[in-house]
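Structural overview
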Amino acid sequence: MTYVVNDSCIKCKLMDCVSVCPVDCFYEGKNMLVIHPDECIDCGVCEPECPVEAIKPDTEPGLEEFLKLNAEYAKAWPNITVKRDPPPDHKEWEGKPDKLKLFDPEPGEGD
Ligand code: SF4
Ligand code: F3S
């Protein structure tokens, strides 16, 4: 199994999760992060760190499209292990539903 970042992260991108991961398997896009499913060791440490509950174990139902998205973009985006400031308007996007349509496939800065 692996842990998966879902669309709650999009445009919130708080980055509290990256510093706790013991294997540094978060990757940064322009407006969200993803987890590399082959690198994640399923420790679960990151799940409670995300204030908007964007991180879920893949054993939860309904995560198929996010599993695919995490696997695909973890290969394309740069690694991130150090938290930076979230987007200035992150509060406005907290808890908004169906943010997948706002997904940006462009890479983020990385470390
Ligand atoms: Fe990293 Fe553990 Fe979260 Fe996987 S479950 S992304 S290994 S902190
Ligand atoms: Fe995203 Fe939550 Fe991490 S908003 S960047 S998964 S702390």
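Our structure's up above, just so we're on the same page.
Everything in this summary refers to the structure shown in the same document.

Definitions and limits used
Residues numbered from 1 in each chain as written. Chains lettered and ligands numbered in written order. Predicted model: local features only at pLDDT ≥ 70, side-chain atom pairs only at ≥ 80, totals over all residues. Heavy atoms only, no water. Helix = DSSP H or I, 4+ residues; strand = E, 2+ residues; numbered from the N terminus. Rg over C-alpha atoms; globule rule 2.2 N^0.38 Å. Buried < 20%, exposed > 50% of the residue type's maximum accessible area, 1.4 Å probe, protein only. Contact = heavy atoms within 4.5 Å. Areas by Shrake-Rupley, 256 points an atom, 1.4 Å probe, with all protein chains shown as cover. Near = heavy atom within 4 Å. Nonpolar A, V, L, I, M, F, W, Y, C, P; charged D, E, K, R; others polar. Salt bridge = Lys/Arg side-chain N within 4 Å of Asp/Glu carboxyl O. Lys, Arg positive; Asp, Glu negative; His and termini not counted. Core = buried A, V, L, I, M, F, W, Y, C linked by side-chain atoms within 4.5 Å.

With that settled, consider the overall build of the protein. The number of helices and strands found in the protein is two helices and four strands. Overall, the protein shows an N-to-C arrangement of helices and strands of β-β-β-β-α-α. Taken over C-alpha atoms, the radius of gyration comes to 12 Å for the protein, in line with the 13 Å a tight globule of 111 residues would show. C-alpha atoms of the protein, sized along the principal axes, occupy 30 × 30 × 25 Å. In the protein, buried positions account for 45% of the 111 residues. Of the contacts made within the protein by residues no fewer than 6 positions apart, 78% connect residues no fewer than 24 positions apart. Carbon and sulfur atoms make up 51% of the accessible area of the protein, which totals about 5,900 Å².

Around ligand 2 lies a shell formed by Cys9, Lys13, Leu14, Met15, Asp16, Cys17, Leu33, Cys50, Val52, Ala54 and Ile55. Each residue belonging to the shell around ligand 2 can be placed in one class, and the counts come to nine nonpolar, no polar and two charged.

Of note, alanine 71 is situated in helix H1 (residues 64-74). What makes alanine 71 partly exposed here is its relative accessible area of 23%. Along the backbone, alanine 71 and glutamate 49 are 22 residues apart, and their C-alpha atoms lie at a distance of 21 Å.

A complete count under the given rule lists five salt bridges for this structure. With its nearest N and O atoms 2.7 Å apart, the salt bridge here joins glutamate 28 to lysine 13. Of this pair, glutamate 28 sits in strand S2 (residues 26-28) while lysine 13 sits in the loop between strand S1 (3-5) and S2; the two residues are 15 residues apart in sequence, bridging distant segments of the chain. A residue is classified by how much of its surface remains accessible, and glutamate 28, at 0% relative accessible area, is buried. Here arginine 84 and glutamate 28 are joined by a salt bridge, their closest N and O atoms 2.6 Å apart. Here glutamate 28 lies in strand S2 and arginine 84 lies in the loop between H1 and helix H2 (90-93), a separation of 56 residues in the sequence. On the basis of relative accessibility, which here comes to 26%, the residue arginine 84 falls in the partly exposed class. Shared partners join several salt bridges into a network, and the residues in it are Lys13, Glu28, Arg84 and Glu109.

Next up on the list: the side chain of aspartate 7. With respect to the helices and strands, the residue aspartate 7 is situated in the loop between S1 and S2. The charged side chain of aspartate 7 is buried without a salt bridge, its nearest counter-charge being lysine 99 at 7.2 Å. Residues within four places of aspartate 7 in sequence aside, it is in contact with Phe66, Asp98, Lys99 and Leu100.

Counting 30 residues, the largest nonpolar core has Val5, Phe26, Met32, Val34, Ile35 and Ile55 as its most contacted members. When contributions to this core are tallied by element, the ones reaching two or more residues are S1, S2, strand S3 (33-35) and H1. Every residue in contact with valine 34, bar those within four places of it in the chain, is listed here: Val5, Cys25, Phe26, Tyr27, Leu69, Asn70, Tyr73, Ala74 and Trp77.

On their own, these measurements won't tell you what the molecule is for.
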